[in-house]
Amino acid sequence: MEITRIDMHMCNTDCNVLAFASITIDNALVLTGIRLLNGKKGLFVSMPQNKGKDGKYYDIYFPVTVELRDTITKAVIDEFTRMSTESVEEVPFK
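Residues numbered from 1 in each chain as written. Predicted model: local features only at pLDDT ≥ 70, side-chain atom pairs only at ≥ 80, totals over all residues. Heavy atoms only, no water.

## Thoughts on the overall build of the chain
When you go through the chain residue by residue, the secondary structure sums to one helix and six strands. Projecting the C-alpha coordinates of the chain onto the three principal axes gives extents of approximately 55 × 30 × 20 Å. Long-range contacts, defined here as pairs at least 24 residues apart, represent 27% of the contacts in the chain between residues at least 6 apart. If you sum the accessible surface of the chain, you get close to 7,000 Å²; carbon and sulfur atoms cover 55% of it. (Helix = DSSP H or I, 4+ residues; strand = E, 2+ residues; numbered from the N terminus. Contact = heavy atoms within 4.5 Å. Areas by Shrake-Rupley, 256 points an atom, 1.4 Å probe, with all protein chains shown as cover.)

Structure (structure tokens):
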């Protein structure tokens with residue numbers, strides 16, 4: 001399984017959500033609503049969730065293997081880092 005595309009939308013807020021991402025797997029499946037968060041232990045990726053009748057949140061979809069979770073996490077963080085670096089470099093100095 002290969003991540004063939006990542007679309008990322010940066011958040012310009014003061015909350016812990018840094019970006020929202022959509023990933024395409026094998027040019028065949030798009031997963032949307034992935035969030036990149038800045039937590040107490042650093043950056044982490046959160047899958048989309050729905051609130052259940054019991055008040056708890058449940059992932060709508062999720063990687064079954066640790067390897068796939070690590071692949072998705074690394075790809076999203078790498079894209080965020082790339083976009084953050086680009087946006088800093090594009091700001092002209094006065």
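Once the structure has been displayed, the description carries forward.
## Quick word on the side chain of Thr 24
Tracing the backbone shows Thr 24 in strand S2 (residues 17-25). Looking at Thr 24, the relative accessible area reads 12%, which means it is buried. Those residues in contact with Thr 24, other than ones at most four positions away along the chain, are Glu 2, Ile 3, Thr 4, Arg 5, Leu 29 and Val 30. (Buried < 20%, exposed > 50% of the residue type's maximum accessible area, 1.4 Å probe, protein only.)

## Details of the nonpolar core
The biggest cluster of nonpolar side chains holds 14 residues, and the ones touching the most others in it are Met 8, Ile 23, Ile 34, Leu 36, Val 45 and Val 76. Sorting the residues of this core by element identifies S2, strand S3 (29-39) and helix H1 (66-90) as the ones contributing at least two each. (Core = buried A, V, L, I, M, F, W, Y, C linked by side-chain atoms within 4.5 Å.)

## Structural notes on the sheet that holds strand S4 (residues 42-46)
Spatially, the four strands line up as an open sheet ordered S1-S2-S3-S4, and their pairing is antiparallel. Every interior strand has two partners, whereas the edge strands, strand S1 (3-10) and S4, have only one. When the angles between neighbouring strand axes are averaged without regard to direction, this sheet yields 25 degrees. Two elements, S3 and S4, share five bridges in a ladder whose sense is antiparallel. If you follow Gly 39 over to S4, its bridge partner there is Gly 42. (Pairing = 2+ DSSP bridges. Axes fitted to C-alpha atoms, helices over the stretch in contact; angles between N-to-C directions.)

## Concerning the pattern of salt bridges
Using the criterion set out here, one finds three salt bridges in the structure. A salt bridge links Arg 5 to Asp 7, with the nearest nitrogen and oxygen atoms 3.0 Å apart. Classification of Asp 7 as partly exposed rests on a relative accessible area of 29%. Two residues, Asp 78 and Lys 74, come together in a salt bridge whose shortest N-O distance is 2.6 Å. In this pair, Asp 78 and Lys 74 are both assigned in helix H1, four residues apart and thus about one turn of the helix distant. Residue Lys 74 is classed as exposed on the basis of its relative accessible area, which comes to 53%. (Salt bridge = Lys/Arg side-chain N within 4 Å of Asp/Glu carboxyl O.)

## Some details on the pairing of S1
Taken together, the seven bridges between S1 and S2 define a ladder with antiparallel strand orientation. Pairing of Ile 6 across the sheet is with Ile 23, part of S2. Linking two consecutive strands that pair antiparallel, namely S1 and S2, is a turn of six residues.

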